[in-house]
Amino acid sequence: MGNSTTASVPGERPRWLLVAALLAGNVALALGPWAVRLADSGPVAAGFWRLFLALPFLAMLARANNERLGGIARPTLMLVLVAGVVFALDLASWHIGIEATRLGNATLFGNSGSLVLMIWGFVMWRRLPRGTEWLAMIAAVAGAVILMGNSLEISRETLVGDLFCLLAGLFYAGYLLILQRARAGLGSWSLLTWSSLAGAPILLGMAVLRGEPIWPTDWTPLIALFVLSQLIGQGLLVFSLKHFAPLIIGLALLTQPAVAALSGWFAFGETIGPVDILGMALLGTALVLARNSKANPVGPEPAE
């Protein structure tokens with residue numbers, strides 16, 4: 001048993017820096033839906049460009065950090081390729097949902113997989129949540145619901161989009177869980193290079209089958225999408241998988257509604273009231289409580 005869910009291997013980066021990396025990755029990912037909406041390619045095609053445009057940069061970052069791109073053990077490589085396929089399904093579902101529902105709905109349902117991660121963490125540890133872990137989960141869910149309460153609206157017009165975003169959240173949880181096993185022996189950038197290489201052709205094929213416009217006339221939203229979501233967001237999140245348990249990763253994903261609320265206030269003048277501030281405070285409290293949880297870090301496997 002580790003001393004805390006946020007414990008890292010001795011000699012590694014300071015704890016606060018790891019937490020900052022995890023949160024920064026979620027901030028970058030939370031800004032992705034705006035770029036998808038602005039892109040004049042199809043939504044699934046936007047997912048293809050997100051992965052394809054990032055590939056050379058991911059490979060260069062892997063080389064610059066002395067991470068191997070070849071000579072990877074077959075079982076590890078197969079896990080990463082499967083993760084890439086699941087991630088492609090996640091992006092396709094989410095991007096279709098973003099086009100068909102409100103951004104508030106898309107942000108909340110797209111992160112529904114965070115609950116799966118939290119539950120899976122306790123399945124791995126073969127026990128129920130204890131003390132502050134219950135409080136952390138309740139505070140996180142309550143904070144996310146409060147933040148999205150004003151913008152979340154279920155209707156016949158948005159139901160299909162909501163369901164696509166909910167499906168995307170489940171795919172995303174599967175993607176992260178698959179990567180946790182591969183992440184222990186593979187660098188973040190190498191892992192992202194191979195998973196993006198596996199996912200890009202699938203997204204392109206799906207976009208063609210859907211009859212979407214592939215080639216954009218304005219590259220700015222797609223450049224913002226691949227830089228924010230794939231390089232910064234996914235890069236920091238995959239880096240964090242080695243250092244945090246599923247409970248912490250799941251709670252951190254729920255901070256994205258707070259980012260959505262703040263970006264709406266900054267970019268579109270959407271009002272943030274006392275209730276919204278309470279929601280953000282609950283999410284922050286949840287992460288503080290979870291850091292004190294007496295749970296295994298991600299690294300060691302649970303006993304069989």
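Coordinates for the structure precede this section.
Computed from a predicted structure; not experimentally measured.

Caption draft 1: View of the side chain of Asp90. For Asp90, the position within the fold is in helix H4 (residues 74-100). Buried and unpaired, Asp90 has Arg50 as its nearest opposite-charge partner, separated by 6.3 Å. When residues no more than four places from it in sequence are discounted, the contact partners of Asp90 are Ala168, Phe171 and Tyr172.

Caption draft 2: Structural detail: empty space enclosed by the protein. Inspection of the entire model under this criterion finds one cavity of 30 Å³ or more. Its boundaries defined by the atoms lining it, the largest cavity holds a volume of some 130 Å³. Lining the largest cavity we find 11 residues, and of these Asp90, Trp94, Gly110, Tyr172 and Gln256 sit closest to its centre. A per-element tally of the lining of the largest cavity places H4 first, with four residues. A per-class count over the lining of the largest cavity returns five nonpolar, four polar and two charged.

Caption draft 3: Layout of the packing of H4 against helix H9 (residues 188-209). Running from N to C, H4 and H9 cross one another at 45°; their axes reach a closest spacing of 7 Å. Relative to H9, the element H4 is oriented oblique. At the point where H4 passes H9, the crossing takes the right-handed sense. Contact with H4, carried on its side by Leu77, Val80, Leu81, Gly84, Val85, Ala88, Leu89, Leu91 and Ala92, involves Leu191, Trp194, Ser195, Ala198, Gly199, Ile202, Leu203 and Met206 of H9 and no other residues of that element. Looking at the contact of H4 with H9, its residues break down into 14 nonpolar, three polar and no charged.

Caption draft 4: Seen up close, unusual backbone geometry. Despite not being glycine, Asn66 shows a phi value in the positive range, around 60°. Take Asn66: it is sitting in the loop between helix H3 (43-64) and H4. With a relative accessible area of 72%, Asn66 lands in the exposed category.

Caption draft 5: Spatial organisation of the packing of aromatic side chains. Counted under the stated rule, the structure contains 10 aromatic pairs. Look at Trp49 and Trp219: their rings are 4.9 Å apart centre to centre, the planes differ by 80°, and that puts the pair in the edge-to-face class. Taken as a pair, Trp49 in helix H3 and Trp219 in the loop between H9 and helix H10 (220-241) lie far apart in primary sequence, 170 residues in all. With relative accessibility at 6%, the residue Trp49 sits in the buried group. Judged by its relative accessible area of 26%, Trp219 is partly exposed.

What counts and how
Residues numbered from 1 in each chain as written. Predicted model: local features only at pLDDT ≥ 70, side-chain atom pairs only at ≥ 80, totals over all residues. Heavy atoms only, no water. Helix = DSSP H or I, 4+ residues; strand = E, 2+ residues; numbered from the N terminus. Buried < 20%, exposed > 50% of the residue type's maximum accessible area, 1.4 Å probe, protein only. Lys, Arg positive; Asp, Glu negative; His and termini not counted. Salt bridge = Lys/Arg side-chain N within 4 Å of Asp/Glu carboxyl O. Contact = heavy atoms within 4.5 Å. 1 Å grid on protein atoms, 1.4 Å probe; cavity = no way out; pocket = protein on both sides within 12 Å on 5 of 7 lines; lining within 4 Å. Points joined across faces, edges and corners; volume = space filled by probe spheres on them. Nonpolar A, V, L, I, M, F, W, Y, C, P; charged D, E, K, R; others polar. Axes fitted to C-alpha atoms, helices over the stretch in contact; angles between N-to-C directions. Parallel < 35°, antiparallel > 145°, perpendicular 65-115°, else oblique. Left-handed = near helix turned anticlockwise from the far one by under 90°. Phe/Tyr/Trp six-rings, centres within 6.5 Å; stacked < 30°, edge-to-face > 60°.

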